[in-house]
Amino acid sequence: MSYKHIVIPEGGEKISVKDGRLAVPDNPILGYIEGDGIGPDITRACLRIWDAAIHKAYDGKRKVHWCEVFMGEKAGGIYEGDYFPAESLEALQDLIVSIKGPLTTPVGGGFRSLNVSLRQELDLYACVRPVKHYDGVPSPLKEPEKVDIVIFRENSEDVYSGIEYQSGTPENEKLAKFLRQDMKVEFFEQAGLGIKPISPFATKRLVRKAIQYAIDHDRESVTLVHKGNIMKFTEGAFRNWGYEVAREEFGEQTITEEELYSQHGGKRPDGKIVIKDRIADIIFQLMLLRPAEFDVLATMNLNGDYLSDACAAEVGGMGIAPGANMADHVAVFEATHGTAPKYAGQDKVNPGSLLFSGVMMFEYIGWTKAAELISQAYAETVKAKIVTYDFARQMDGATEVSTSGFAGAMVEQMESGIDVKAKQQERMKAIEAERREREARRVERPFEEMEESGRTPTTVGDIMTRMPVTVKAGTKVSEAMHMMREHGVSSVLIAPSGDGKWGIMTQRDVVSRIVHANRSPATVKVEEIATMPLVTVPVDMSLYDCSSQMIGANIRRVVVAQNEVPIGIVSDTDLFRSVEEFGWLPE
Ligand code: NAP
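Caption draft 1: Layout of the sheet that holds strand S5 (residues 97-100). An order of S4-S3-S5-S15-S14-S6-S7-S13-S10-S12-S11 is seen for the 11 strands of this open sheet, with the pairing classed as mixed. Single-partner strands in this sheet number two, and they are strand S4 (65-68) and strand S11 (254-256). When the angles between neighbouring strand axes are averaged without regard to direction, this sheet yields 25°. As paired elements, strand S3 (residues 29-33) and S5 share three bridges and run parallel to each other. Across the sheet, Ile33 pairs through a bridge with Lys100, a residue of S5. This element, helix H11 (residues 352-364), spans S3, S4, S5, strand S6 (126-132), strand S14 (322-326) and strand S15 (331-335) of the sheet and lies at about 155° to S15.

Here is the structure:
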């Protein structure tokens, strides 16, 4: 392909896609857009750091051949006023992996935002925003190091689709009339109207990408964020389609959180990604209170917009938060801040956002050693309090440097030798210890964990009392009663004695069949007063269906069985407690 103004560097090779995966040579051509305002300053600094890191990490055996692609004001000068040249779009598609600085959106004149146009033209449907704390970076949290998440925000639909009708226009009135007359819905006069499309196609491609990322990066969980308790057919559907794609396409690599508790007793099987979901407003609280529990988050467009900025602010990272917009393979990494025009050309601002977008980009092409080296050199430089003006004003005793000065300090850090492997191992050890600690809590106090971690119970497996107390057939009632008291339970299970039938003896059986029947608990055997066979339900039965079973059979507890072996009991008390604590939304 030949371009008018874009020069493909000689000596480099293009990245390609083979068998659905990126094929990256040792001398890849990567695209870069300098950006407007502070863009040139931060791009210059980052190119210097990236090149130095790659050289150091791979002893000169790997090298990026950078290809400048034009967009924004610089493009306007080159392409006769065209800020969004067609050949730049072609180049981004052709090179597959690129990085860009911020772009000015010209005010007035009917310009669409260049960033929005770019996403739409290249169908970059996933906005990926890692949020992680770096040592020394000022943060409002007490333990910011516990935040290490990656948000996958759907980028192509939701209320951002632009299907909106202004109050008072003929289109608005036409739609309002249809809704009132044909759909029989009510709303205030002259309301502006917007449509929120959420499709299985867009949801699944986003969640698929999030799960694949979690698998490739040894993450623990993927959380589907939604407000499905209120908007069932859009947000609730997002949740359901998310679970569907996990089950149908990643059945071997994933388990649901419900299965984690009901089938694995809270212990995550090695290598399995736990798929869970949380209500959107609760996730904001949890990201402040229990951030370590979250790993990869998959969100719709609007929720993700709010959440990614809120999370970035938690780790003091608004100025350094990186990001990327991605299609299946084509990816454009980008600084998430704007062009900060008042600082343009002053060599003053923090290059962190673009720098870490570069880290993401190197991870994306599999150059993890270079990515790790940059992250660690950054942490060391900031720890030494060598920072740009924005951090300097929040730190005591900082040495304020320019953008290029910061790049120089980082390159020096890298040259002075950082033991990347040792630091990486140290971090992995800390993550492992954290994971084990949480696992122990899930095993020991599952109900409390559920409550504290913002999870809403939906199945009997979520609320059952695990490991029911079991006695052998032939045990005397008095002995079973002592065990019930000792364990604080109101029933015991009777193990089968050969007929394969399990039974249950409850406090009520003792009242009616011992006390009321005037018999001695010391001589009567448990199976004589127990109920057999058991009424059992599967572990994934919904709470609603469970209540129907209990009411239908006129019983106060059911046994939860798996492969015909009882694994728990659900009683009136458990249902009561669940509804009291988590509420009940009628189906
Ligand atoms: P902005 O450019 O992000 O700047 C707002 C403030 O954020 C700056 O004044 C500065 O704060 C701080 N800041 C931003 N980048 C920084 C950096 N690298 N280092 C340190 N501090 C940094 O937002 P804006 O002023 O609202 O937008 C300006 C232009 O950027 C607009 O034309 C907008 O359309 C465009 N924009 C582009 C993108 C994009 O291309 N992705 C994104 C957002 C906005 P202090 O003043 O406190 O020092």
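Right, picking up where we left off after that structure.
Caption draft 2: Expanded view of the site of the ligand. By nearness alone, 20 residues border the ligand, and Leu103, Gly338, Ala340, Tyr343 and Tyr389 come closest of all. Tyr389 places a side-chain nitrogen or oxygen 2.5 Å from an oxygen atom of the ligand. Arg393 is positioned such that a nitrogen or oxygen atom in its side chain is 3.0 Å from an oxygen atom of the ligand. If the ligand stood free it would expose 880 Å²; the protein chains cover 65% of that surface.

Caption draft 3: Summary view of the pairing of strand S20 (residues 491-495). Counted residue by residue, S20 has five buried out of five residues, so it is predominantly covered. The pairing of strand S19 (residues 470-472) with S20 spans three bridges and is parallel. When the bridges of S20 are listed, Lys472 appears paired with Ala495. When S20 meets strand S21 (residues 503-506), the two strands line up antiparallel, connected through four bridges. The residue of S21 that forms the bridge with Leu493 is Ile504.

Caption draft 4: Local environment of unusual backbone geometry. In this structure, Asp59 takes a positive phi of about 50° despite not being glycine. Tracing the backbone shows Asp59 in the loop between helix H1 (39-57) and S4. For Asp59, a relative accessible area of 61% corresponds to the exposed category. For Asn518, which is not glycine, the phi torsion reads 60° and is therefore positive. Its place among the elements puts Asn518 in the loop between helix H19 (507-515) and helix H20 (526-529). For Asn518, a relative accessible area of 72% corresponds to the exposed category.

Thresholds, definitions, all that
- Residues numbered from 1 in each chain as written.
- Predicted model: local features only at pLDDT ≥ 70, side-chain atom pairs only at ≥ 80, totals over all residues.
- Heavy atoms only, no water.
- Pairing = 2+ DSSP bridges.
- Helix = DSSP H or I, 4+ residues; strand = E, 2+ residues; numbered from the N terminus.
- Axes fitted to C-alpha atoms, helices over the stretch in contact; angles between N-to-C directions.
- Contact = heavy atoms within 4.5 Å.
- Near = heavy atom within 4 Å.
- Polar contact = N/O pair within 3.5 Å; in protein donor to acceptor, adjacent residues only side chain to side chain.
- Areas by Shrake-Rupley, 256 points an atom, 1.4 Å probe, with all protein chains shown as cover.
- Buried < 20%, exposed > 50% of the residue type's maximum accessible area, 1.4 Å probe, protein only.

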